[in-house]
Each structure stands twice: as structure tokens, then as C-alpha cells.
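Coordinate inspection notes
One-letter residues, chain by chain:
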Amino acid sequence: MAETTRAATMEKIVALSKRRGFVFPGSEIYGGLANTWDFGPLGAELRNNIKQLWWRTFVQRRRDMVGLDGGILMHPRIWEASGHVVNFNDPLVDCKTCKARFRADHLIEEKLGVNAEGKTPDELTALLKDANLPCPKCGNRTLTDARQFNMMFRTTIGPVEETGVQVYLRPETAQAIFVQYKNIVNTGRVKLPFGIGQIGKSFRNEITPGNFIFRDIEFEQMEIEYFVRPDEAPELFETWIEAMWGWIDLIGINRDRVRVREHAREELSHYSNRTIDFEYDFPAPMGWKELYGLANRTDFDLSKHQEFSGEDLTYFDQPTGTRFLPHVIEPTFGVERTMLMIMLDAYDEEQTTDVNGKADTRVVLRLSPRVAPYKAAILPLAKKPELTEVAWSIFNQIEAETNYLVDYDETGNIGKRYRRADEIGTPFCVTVDFDTLEDNAVTVRDRNTMEQQRIPLDGIVAFLRERIG
Ligand code: ATP
């Protein structure tokens, strides 16, 4: 069935995304806007499925979790308290000759093979000087020292720029949770340990984005801040590692391509006392890269917001009769990286023969039915009223009795329609043919195996339910 060698490359996923309407380059008819993307009809469905499944799994189905939908614009002091104004920087170097700009840490990692995370600009500059690296673009040895560049996007509230209030587009969703934590505790429905989950857009002025949708300047995060008694934090951190693995299984990812990497002490962010990354093995030349993060943020954020806002953010713990600032465990997931991983992991090519017996390659996205944009495609064999009528009635029945999104496709030859369904990851094709009019049954084709079986019309919904869930 699936090949052992990996069929997926980034180029193939980029091409398929464009061809089938998953991801389009942003502002394309205006010549594009670098590193921005729009999600087409199928991409929008895939993203919604990911987000809904995440919300259902981590927020709705857990008794210890509630949700929040915070704003993108918040009081600028929040970003001073969180440390983003001072610490949320990328170290950059410029080339004095060609004026190109690079991430100093990335340059060092790529060219010298040294892990540069957490190194100061001075340390990075020293490494660059020692190696006397040339500019990757023009080749001249004219790189500047590394300096810090803040990654938050700024904008102004108010009609006049000079007198308006400078605010930031949020670079992470987490801070809204800390800022509203007290309101949520006061509404009285949560007790430690509990978590608040949120899904929303974040913005980062990334200087070297790229690798398709892996690193974007505008992206979506699914984040949880899980509030715990300080002494429970190490143990609950472990349970979150397991929960995150559970999610990776749920969306159908091959565990062999995922690993956990523990951050070394010197690599830890200013707020964290333990961080692990879930990494995915992206196709060469990318290799292992961060997919998700899990951090123990201690009481860093609540204590900073308490200090900067002057509000008491302590929690009264009834069972122990004590008052303290909870510690926080943060599992964080990127929607775009999830989507990219899902498409890469599902992509497969099979050598087959076409209808004329010629050698052919079948491209198939073996998406988990949980996230697949369409759960089934209804295909009348020919565009004849007697067939399309039955096909539409099946379509309407599935729509009425399930919440599955179903495709209806009546154009082109059936082989082409199967190929399209395979390429967009539709798990089942339901074909209405002339026999249907006699035997009240349809042919259901399985995307993965291409096996076909005859299913009576009144058994289709049950058949799909059993396989899709
Ligand atoms: P990286 O080291 O790759 O820049 P990070 O450590 O800065 O990532 P976090 O701040 O931990 O990332 O963000 C949480 C999650 O949000 C990441 O694990 C990733 O899934 C996602 N994410 C972060 N930055 C981006 C981005 N620029 N584009 C797309 N997704 C992102």
C-alpha cells in the first residue's frame, strides 16, 4: 500500500495546494505580498476541521478546561509586563554590500552547525567574526554585528498618528488569557488545576519567513494556559506531554516523524523553567523543526501582570486554605504548522495504470477522515437526469443526517473524478450508475485501497458513520 520511501516534498505540497485550492499566495493579482497566504476553499475546510477538533478535544470534552476568545489589540502595558517589548527580538545581521538582512542565529545554525538558540547578540557576533562568514546572498565578507530587532507589529489607535495610542498586534494569544484569568476565576466555575484555551491570530514581523506556511508573519495559534498549584507543576507537565501525543495520534500523524526535544538551560525563554518542543521531520532540506511547544511558565506572567497592573491576581485555594499565584503550564500549537504537517504526512504516490493501461502515478492524500475537507464525494457516473436525481438525494440525505461536508461532482470522466477525490483526501467516493436504478445500491470506493463495494442506498449513512465516526 503506502510506499516506504517518502513521496512528499515541499514543492509537491505547494503545487498541490495551489492546484486544488488549499493555499494561494496572498494578494497574487497585485504581484503578491511576500510571505502572506490565503486559504482556498479546501484549505479553509481543513483549517476549520483542525480547529474544531482541537477545541472539542481540549476545551469542550475536558471538565478542567474553559475557552476564551480575546482581542488582538490590547493595552500596550501588557506587552511591557510580559517582557515582549524588551525580549521579543530576533538577532539580525545586515550585509553592508548588498543590504540583505538575515537572522544571525539561523545563519550560524545553517553555516556552522552550532545551536544558536538563546545566545546573546554579542555571542552571535563573536561566532560570526570567528568564522568570517560571507554574505549568503552576494558572497562578500561584509556582515555587520548582530543586533536585536523587535518582532511585534505596531499600529496606532486614534485619528491622528502623532497623538494616537501606539498599540501592538498580539504576537501570541497567551497574554489575553493571563489578563482575563481573574475574571474567569471570579465567575466561579473553575478550580485548580484548570486551563483556559484559546484559538486566534497572532502576528510576528519575522525577518526570514519561508518554507511555505511553516513560518508566517500572520498565523493562528491554539494555546492553553493551564493553572496549577506550584508543587503539582512537574507532574502535570508530564500529563500534558501525553495529551499532546494523543493529539498527534488523533490527527493521524505517523509517530515516527515526531519527536520531543528538551530545551537546554541556556536556551530557555525568560519566563520558562522547563520547555520541550515537539518537532516534526519535515522533508529535506528542512529536517526536524519545531511543531509545538510545551513550557512551564511558572508564575512569571501572573506576577508581572500583578506588578504592572496593581491588581491582586492571587488565587484562594479552598482545600489548602492558602492564597498564592498559580503556576502555569502552556501547551501551544500552531494551526499552519499542523496543516502543513498533516498534508506532508498524508501525501503519497502510487504507481498504477490509467484507464488505457498506461503507467501512471496516483497522488493520494491519506488524510484522517477527522480532518479531511470532504468526507465523501457523490459521483453520478453520467450527467443523466435519472442518475443525478438519485445522486442528489444521497447527497441531501447525508447532509440532513450527519454534519459531514460532502462533495458533489458530475463533470469529466469517472477516472479523473476519482483522482481529484484522491488528491484532496476525500476518504470515500459514492458512485451512482445505471445498475443503481435496478438494485438500489451504489459503488463505494475506498480512497486508501481503491477497493469498491456495493452498498444499498439505505445503508450509506450507516456505512460512512462507521468509518468516519
Ligand atoms: P520558532 O522557534 O519556530 O520561531 P517559537 O518558539 O517562537 O517558534 P512559540 O512562541 O513557542 O514559537 O509559538 C508557539 C507555536 O506557534 C509554535 O510552536 C508554532 O506552532 C507556532 N508559530 C510560532 N511562530 C510562528 C510563525 N511565524 N508562523 C507559523 N506558526 C508559528
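Residues numbered from 1 in each chain as written. Predicted model: local features only at pLDDT ≥ 70, side-chain atom pairs only at ≥ 80, totals over all residues. Heavy atoms only, no water.

1. Regarding the packing of helix 1 (residues 10–20) against helix 10 (residues 335–346)
Closest axis-to-axis distance for the helix 1/helix 10 pair is 10 Å, and the angle between their directions is 105°. Overall, the two elements helix 1 and helix 10 adopt an arrangement that is roughly perpendicular. Residue-level inspection shows Met 10, Ile 13, Leu 16 and Ser 17 of helix 1 in contact with helix 10, the latter providing Leu 340, Met 343 and Leu 344. Among the residues making up the contact of helix 1 with helix 10, the classes are represented as six nonpolar, one polar and no charged. (Axes fitted to C-alpha atoms, helices over the stretch in contact; angles between N-to-C directions. Helix = DSSP H or I, 4+ residues; strand = E, 2+ residues; numbered from the N terminus. Parallel < 35°, antiparallel > 145°, perpendicular 65-115°, else oblique. Contact = heavy atoms within 4.5 Å. Nonpolar A, V, L, I, M, F, W, Y, C, P; charged D, E, K, R; others polar.)

2. Details of the side chain of Ser 202
Within the secondary structure, Ser 202 is located in strand 9 (residues 194–203). Owing to a relative accessible area of 0%, Ser 202 belongs among the buried residues under this scheme. A polar atom in the side chain of Ser 202 sits 2.8 Å from the side chain of Gln 221. (Buried < 20%, exposed > 50% of the residue type's maximum accessible area, 1.4 Å probe, protein only. Polar contact = N/O pair within 3.5 Å; in protein donor to acceptor, adjacent residues only side chain to side chain.)

3. Considering the pattern of salt bridges
Counting across every chain of the model gives 42 salt bridges. A salt bridge links Glu 350 to Arg 366; the shortest N-O distance between them is 2.8 Å. Taken as a pair, Glu 350 in strand 17 (residues 347–353) and Arg 366 in the loop between strand 18 (359–365) and strand 19 (376–380) lie far apart in primary sequence, 16 residues in all. Taking the relative accessible area as the measure of exposure, Glu 350 reaches 11% and is therefore buried. Counted as one network, the salt bridges with shared partners bring together Asp 348, Glu 350, Arg 362, Arg 366, Asp 422 and Arg 445. (Salt bridge = Lys/Arg side-chain N within 4 Å of Asp/Glu carboxyl O.)

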